[in-house]
Amino acid sequence: MFGVFDDYPTFMVFLAVVVALVLTVAFMPLWIRFLKSSHIGQQVRADGPESHLVKQGTPTMGGVIMLLAVLVTVVLVAAPSPETYALLVATLLTGALGLIDDASKVIKERSLGLTPKAKLIGQFAIATAFVLVAVNWVGIEPTVDIPFVITLDFGILTTVLPVGEGIAIPWLYLIVMDILLVGMCNAVNLTDGLDGLAAGTVMVVMIMMAAIAYRSNLLPPAIFAAALAGACIGFLWFNSFPADIFMGDTGSLALGMGLACLAILTKTEFVVLIIGGLFVAEALSVMIQVFYYKRTHKRIFLMAPLHHHFEKKGWSETKVVIRFWIISGVLATLGFSLYFAQSLLGA
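Summary of the structure given here.

Conventions used here
Position numbers for residues start from 1 in each chain and track the written sequence from start to end. Two thresholds apply to this predicted model, a pLDDT of at least 70 for residue-level local features and 80 or more for giving and counting side-chain atom pairs, whereas whole-chain, interface and lining totals are computed over all residues. Side-chain calculation: all heavy atoms of the structure are included, whereas hydrogens and water are not. Here a helix means four or more residues in a row that DSSP labels H or I, a strand means two or more in a row labelled E, and each is numbered from the N terminus. Accessibility here uses a 1.4 Å probe with only protein chains present; expressed as a share of the type maximum, an area under 20% marks a residue as buried, one over 50% as exposed, and anything in between as partly exposed. Residues enter a nonpolar core if they are buried and are Ala, Val, Leu, Ile, Met, Phe, Trp, Tyr or Cys, with the set joined through side-chain atoms within 4.5 Å. We call two residues contacting when some pair of their heavy atoms lies within 4.5 Å. DSSP calls a pair of strands paired once it identifies at least 2 bridges connecting them.

## So, unusual backbone geometry
Okay, step 1: Each neighbour pair has its own omega, and for Phe241 with Pro242 the value is -10 degrees, a cis peptide bond.
Okay, step 2: Checked against the element boundaries, Pro242 lands in the loop between helix 7 (219-239) and helix 8 (248-265).
Okay, step 3: Residues Ala304 and Pro305 are joined by a peptide bond in cis, for which omega reads 0 degrees.
Okay, step 4: Along the chain, Pro305 turns up in the loop between helix 10 (277-296) and helix 11 (306-312).
Okay, step 5: Despite not being glycine, Lys267 shows a phi value in the positive range, around 55 degrees.
Okay, step 6: Within the secondary structure, Lys267 is located in the loop between helix 8 and helix 9 (272-275).
Okay, step 7: Taking relative accessible area as the criterion, Lys267 reaches 26% and is therefore assigned partly exposed.

## With respect to the nonpolar core
Okay, step 1: Membership of the largest hydrophobic core comes to 91 residues, with the highest contact counts inside it found for Met28, Phe130, Tyr173, Leu181, Met209 and Ile264.
Okay, step 2: Sort the elements by how many residues they give to this core and helix 7 lands first, with 13 residues.
Okay, step 3: Not counting chain neighbours up to four residues away, the residues in contact with Met209 comprise Ala225, Leu259, Leu262, Ala263, Thr266, Thr268, Val272 and Ile275.
Okay, step 4: Core analysis: the second largest hydrophobic core is formed by nine residues, Leu197, Leu278, Phe301 and Val321 among them.

## Some remarks on the pairing of strand 4 (residues 167-170)
Okay, step 1: Burial of strand 4 is two-sided: the residues Ile167 and Ile169 facing one way and the residues Ala168 and Pro170 facing the other way are all buried.
Okay, step 2: Strand direction decides the pairing type here: strand 3 (residues 158-161) and strand 4, joined by four bridges, are antiparallel. Directly across from Leu161, in strand 4, lies its bridge partner Ile167.
Okay, step 3: If you look at the hairpin formed by strand 3 and strand 4, you'll find five residues sitting between the two strands, and Gly164 has a positive phi there, around 60 degrees.

Right, here's the structure in full:
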C-alpha cells in the first residue's frame, strides 16, 4: 500500500512506528469496552503483592489488539519476503498460544492457565519451526557471534533430510536457539508484572533492534521491530499506572518470541542477551529464587521476579517501572554500541 515510499527506507521504518501506534490507540478503547461488557478480567496471583489485589478484574488480553496492529502495519508497509512471513507467523502463533492461556484463566477464574508443560511444548514447537525456516529458507548461518571474542560454529553436527532440495537440521544450533527463543519468550512474560513495565522495556529494546536490522540492510525485520515498538507505545497509553488493560500472555509471550526471532535474523543472538538484559535478569531472579529455596528453604529475594523484590523493599510501582525503563535503556544502548563497534571494524 505504501510502495510509493520504497525509495525512502528510513521513512518506512518511522512510518511503521506511527501506523502501529495509531491502530493500537484507535482500537484499544473498543476492545476494553468489549472485555468489560463480557466480564473478562485479570485473575491476580494469590501469592503476589497484596497491593496488586486491586487489579483483580482489570481487562486483559490487550495483546490481541497489539498483534493485530503489528500484522496490519507489516502487511501495509513491509515488502513481502521470507523474513517478513517467518517473523509474523512465529510471533502470531506464540500470541495465539498466549491467547489460549489467557482464555483458560478467564474461563476457570484463576491466575493459572495452561499447564507449564503444555506452554513449553507449544513454544518449543514454534521455536523449532522458526529456526529450521531461518536456516533453510532465509539463509541464516548456524553460527553465534560473540563480538570481539569468537564466532561459534554450531553447524558442525548437521543432518540433511532428503525432502525436496534437502532440509538441513543443524542440531547444536537448533538446540541453542530453541533455548534462546523459549527463554526470551518466558523472560518477557515474567517481566509483565507491573503496569507499563513490559510494554515500556520492550518498546526500548525494539527500537534498538530496528536500528540493528536497518544497519544490517534488513528492511523487513526493521519494519517489523518498529511496528512492535509502535504497538507498545500505543498500548502504554492504556497500560500506564493505573492500568486500564493488561496485555496478558497473548502480548508478553509474543513480544518475547518476536525479539528472539529478530536476534536470529540479524545475527545478534549473543548481543540480544545484553540488549534484553533486563528480561534476562528477571528470569534469572526466578530461577535463582526457586533453586536456592529448594536447597535451603530460604529466599535470596524478598519476592521474585525481581520487580516484586523492589516493591517489597518499599519502592512504589511507578518508581520500579521508571527505573527499570532506565536500566533497560542503558543495557539496550550498551548492546547496540557493541554491535555497532564491531560492524564498523568489520567494514
